[in-house]
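# What the coordinates show
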Amino acid sequence: MQLVVGRIGRAHGIKGEVTVEVRTDEPELRLGPGAVLATDPAGVGPLTIETGRVHSGRLLLRFAGVGDRTAAEALRNTLLISDVDPDETPEDPEEYYDHQLMDLDVVTVDGTVVGRIAEIAHLPSQDLFIVERPDGGEVMIPFVGEIVTEIDLEQQRAVVDPPRGLLDGDQAEVASSRDAERDAAPGAGQDSPQGAGQDSPQDVAPGEGDA
């Protein structure tokens, strides 16, 4: 399986180094010297990492055959892609690769359906689930333990406990209200989420983005 692990940014200096937007929780493994990466667009690669270092909080890489600023600038916005065994999992049990999370159903802790994970955005500050709602709309949910309380791969769902206003739509709130009214009616039972996943997941996969 091919997973996006980085995106090349601007050139740094005059010796061929480039800044890289990291899209993996395992940069030492995926973006270390000697790694051979496919690219998008495909015609740019494959690229072999020659050296890597961190400067002012940014990852700088130099690729074999890229020896000056002009060649480095020509790589700008290229996606870096790593081949990953689809059965491989991150070393940290609370981390996930993007392909494990894609298409998971997203529900709130009270069972309200939010939608399904359509995309995972890897931002400098945090990762986001881009969730497609049943009505075709989208909502962004930060992938942090305080909000994403369970990832249950067996049940293929993510359980969220969103703060007020995060979902920014009436649909989930109305559905919750209906559930509450139904549960409050005489003889009504309580619904409870099924399955168990990893508690307090932190930054994916990660994406892996690996995304």
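Predicted model only: the values in this text are computed from it and were never measured.

Turning to the overall build of the chain, a few remarks are in order. In terms of regular secondary structure, the chain is built from four helices and 13 strands. Within the span of the chain, comprising 211 residues, buried residues form 41% of the whole. Summing over all exposed atoms, the chain offers an accessible surface of approximately 11000 Å²; the carbon and sulfur share of this is 48%.

Another aspect to go through is the sheet that holds strand 3 (residues 36-40). With respect to topology, six strands assemble into a closed barrel ordered 1-2-5-4-3-6, the strand pairing being antiparallel. In this sheet, neighbouring strand axes are inclined to one another by 50° on average, regardless of whether the strands run parallel or antiparallel. Both strand 3 and strand 4 (residues 47-55) contribute to a ladder of two bridges, which runs antiparallel. In the strand pairing of strand 4, valine 36 is matched with threonine 48.

Note that side chains of opposite charge can pair when their charged atoms are close. Counted under the stated rule, the structure contains six salt bridges. Between arginine 76 and glutamate 73 there is a salt bridge; the shortest N-O distance is 3.9 Å. With relative accessibility at 39%, the residue arginine 76 sits in the partly exposed group. Since its relative accessible area comes to 30%, glutamate 73 is described here as partly exposed. Between arginine 116 and aspartate 103 there is a salt bridge, and its shortest N-O distance comes to 2.4 Å. In this pair, arginine 116 is assigned in strand 8 (residues 113-122) and aspartate 103 in the loop between helix 3 (98-101) and strand 7 (105-108), connecting sequence segments 13 residues apart. The exposure class of arginine 116 is partly exposed, given its relative accessible area of 30%. A single salt-bridge network, built from bridges that share partners, covers Asp103, Arg116 and Glu132.

In this section: the pairing of strand 4. Where a strand is regular, its side chains alternate between the two sheet faces. Between strand 3 and strand 4, which pair antiparallel one after the other, the connecting turn spans six residues. Here strand 4 pairs with strand 5 (residues 58-63) via six bridges, running antiparallel. Bridge assignment links valine 54 to a residue of strand 5, and that residue is leucine 59. In this structure, the hairpin formed by strand 4 and strand 5 is closed by a connection of two residues, where serine 56 is found at a positive phi of approximately 55°.

So, on to the side chain of threonine 78. Mapped onto the elements of the fold, threonine 78 is located in the loop between helix 2 (69-73) and strand 6 (79-83). Here threonine 78 falls in the buried class, since its relative accessible area comes to 2%. Contacts of threonine 78, omitting those with residues within four sequence positions, involve Gly6, Arg7, Ile8, Thr39, Asp40, Pro41 and Val44.

Here we come to the pairing of strand 5. Both strand 2 (residues 17-22) and strand 5 contribute to a ladder of three bridges, which runs antiparallel. Note that in strand 5 the partner of threonine 19 across the bridge is leucine 60.

This next bit is on the confidence of the model for the chain. On average, residues of the chain score 77 in pLDDT, and 74% of them reach the 70 mark or higher. In the model of the chain, strand 13 (residues 198-199) stands out as the element of lowest mean pLDDT, 31, in contrast to helix 2, which has the highest, 95. Confidence drops under a pLDDT of 50 for residues 170-211, and excluding neighbours within four residues, the segment shows 114 contacts in the predicted structure.

Reading the values: rules and limits
- Positions within a chain are numbered from 1, following the residues in the order the chain's sequence is written.
- pLDDT decides what is reported in this predicted model: residues at 70 or higher carry local features, side-chain atom pairs at 80 or more are listed and counted, and totals for whole chains, interfaces and linings draw on all residues regardless.
- Hydrogens and water are ignored here; the side-chain numbers use all heavy atoms of the structure.
- Note on conventions: DSSP H or I runs of at least 4 residues are helices, E runs of at least 2 residues are strands, and numbering of each starts at the N terminus.
- Working definition: with a 1.4 Å probe on protein chains only, accessible area under 20% of the residue-type maximum means buried, over 50% means exposed, and in between means partly exposed.
- Per-residue and other accessible areas follow the Shrake-Rupley method at a 1.4 Å probe size, with only the shown protein chains counted as cover for residues.
- Pairing between strands is defined by DSSP: at least two bridges between the two strands are required.
- Under this scheme, a helix contributes an axis fitted over its contacting stretch, all axes are lines through C-alpha atoms, and angles between N-to-C directions fall in the 0 to 180 degree range.
- Here a salt bridge means any side-chain nitrogen of Lys or Arg lying within 4 Å of a carboxyl oxygen belonging to Asp or Glu.
- The contact definition used throughout considers only heavy atoms, calling two residues in contact when any of these lie within 4.5 Å.
- The pLDDT value tells you how sure the predictor is about a given residue, anywhere from 0 up to 100.

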